[in-house]
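Observations on the model geometry
Letter by letter, the chains look like this.
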Amino acid sequence: MIIKWRDEYSCYDPVIDEQHRKLMELINQMNDIADLDDGYDHYDEIVELFNGLKEYAVYHFNYEESQFEAQGYDSFNTKIQVLEHKSFVNKVAAIDLYELDENQNETVRSVLDFLSKWLDHHILDTDKRFGEFLKEKENQKG
Ligand SMILES: [Fe+2]
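What comes next is a walk through the structure. (Residues numbered from 1 in each chain as written. Predicted model: local features only at pLDDT ≥ 70, side-chain atom pairs only at ≥ 80, totals over all residues. Heavy atoms only, no water.)

Things to note about the coordination of the iron ion
The coordination sphere of the iron ion contains the protein donors His20 (NE2), His60 (NE2), Glu64 (OE) and Asp127 (OD), at a distance range of 2.1 to 2.4 Å. Relative to the metal, the four donor atoms surrounding the iron ion lie at angles of 77 to 155°, and the coordination shape comes out irregular. (Donors = N, O, S within 2.8 Å, 3.2 Å for Na, K, Ca; no water. Tetrahedral: all angles 85-135°; square planar, octahedral: opposite > 155°, others 65-115°.)

Below you can see the structure in the form of structure tokens.
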């Protein structure tokens, strides 16, 4: 397991939290394959998982971005969010499939290292801000 859910990750929104857990699960599934180190070729499985992760990340980012708008989140924070989302999608899209084929374990490990750190930072520094904003809004309603 390369990234594990902690209570600290909660953004006070059950839908967003659930989607973050799912992203972690996909990253961990890929990590499990890298950990096998059994000498077999796992290229197809890895590519399939990467594609699944990319698809799910896009779905999740779209959901979050629709919430920024629906909840009236300010444009500065929304802009940072959108930029970070793009950098994640670009990173996954830029994975060199030739490199992955030739140097499977190292490539997967370096990508997983980036993705898990990115997700950790993104949730704790960026999404959490949005969570605090939602919580604040809720409190004001009384
Ligand atoms: Fe997120």
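Side note on the packing of helix 2 (residues 43–71) against helix 5 (residues 104–141)
In contact at an axis separation of 13 Å, helix 2 and helix 5 are set at 15° when each is read in the N-to-C sense. In terms of their interaxial angle, helix 2 and helix 5 are classed as roughly parallel. The interaxial crossing formed by helix 2 with helix 5 has left-handed handedness. Residues Tyr43, Ile46, Phe50, Leu53, His60, Phe61, Glu64, Gln67, Phe68 and Gln71 of helix 2 pack against Gln104, Val108, Val111, Leu115, Trp118, His122, Asp127, Phe130, Phe133, Leu134 and Lys137 of helix 5. Taken together, the residues of the contact of helix 2 with helix 5 break down into 13 nonpolar, five polar and three charged. (Axes fitted to C-alpha atoms, helices over the stretch in contact; angles between N-to-C directions. Helix = DSSP H or I, 4+ residues; strand = E, 2+ residues; numbered from the N terminus. Parallel < 35°, antiparallel > 145°, perpendicular 65-115°, else oblique. Left-handed = near helix turned anticlockwise from the far one by under 90°. Contact = heavy atoms within 4.5 Å. Nonpolar A, V, L, I, M, F, W, Y, C, P; charged D, E, K, R; others polar.)

Overview of the nonpolar core
Nonpolar side chains tend to gather and get buried jointly when the protein is soluble and globular. Ranked by internal contacts, the top residues of the largest apolar core, which has 36 residues, are Phe50, Leu53, Phe88, Leu115 and Leu119. Every element with two or more residues in this core is listed here: helix 1 (14–36), helix 2, helix 3 (75–93) and helix 5. Looking at this core element by element, the count peaks at ten residues for helix 2. With residues up to four places along the chain from it excluded, the contact list for Leu115 reads Ile27, Phe50, Leu53, Phe88 and Val92. (Core = buried A, V, L, I, M, F, W, Y, C linked by side-chain atoms within 4.5 Å. Buried < 20%, exposed > 50% of the residue type's maximum accessible area, 1.4 Å probe, protein only.)

Focus: the packing of aromatic side chains
Counted under the stated rule, the structure contains ten aromatic pairs. Ring centres of Phe68 and Phe130 lie 4.7 Å apart, and the angle between their planes is 85°; on these two criteria the pair is classed as edge-to-face. Taken as a pair, Phe68 in helix 2 and Phe130 in helix 5 lie far apart in primary sequence, 62 residues in all. Take Phe68 and Phe130: they sit in the same class, and that class is buried. Judged by centre distance (6.0 Å) and plane angle (25°), the rings of Phe130 and Phe133 are stacked. Taken together, the residues Phe130 and Phe133, both in helix 5 and three residues apart, mark about one turn of the helix. The class for Phe133 is partly exposed, based on a relative accessible area of 25%. Feature note: the residues Phe68, Tyr73, Phe130 and Phe133 constitute an aromatic cluster, connected by ring pairs. Seen from the ring of Tyr56, Lys22 lies directly overhead, with NZ or CZ sitting 5.9 Å from the centre. The ring of Phe114 has Lys91 sitting right over it, with the charged end atom 4.8 Å from the ring centre. (Phe/Tyr/Trp six-rings, centres within 6.5 Å; stacked < 30°, edge-to-face > 60°. Lys NZ or Arg CZ within 6 Å of the ring centre and 35° of its normal.)

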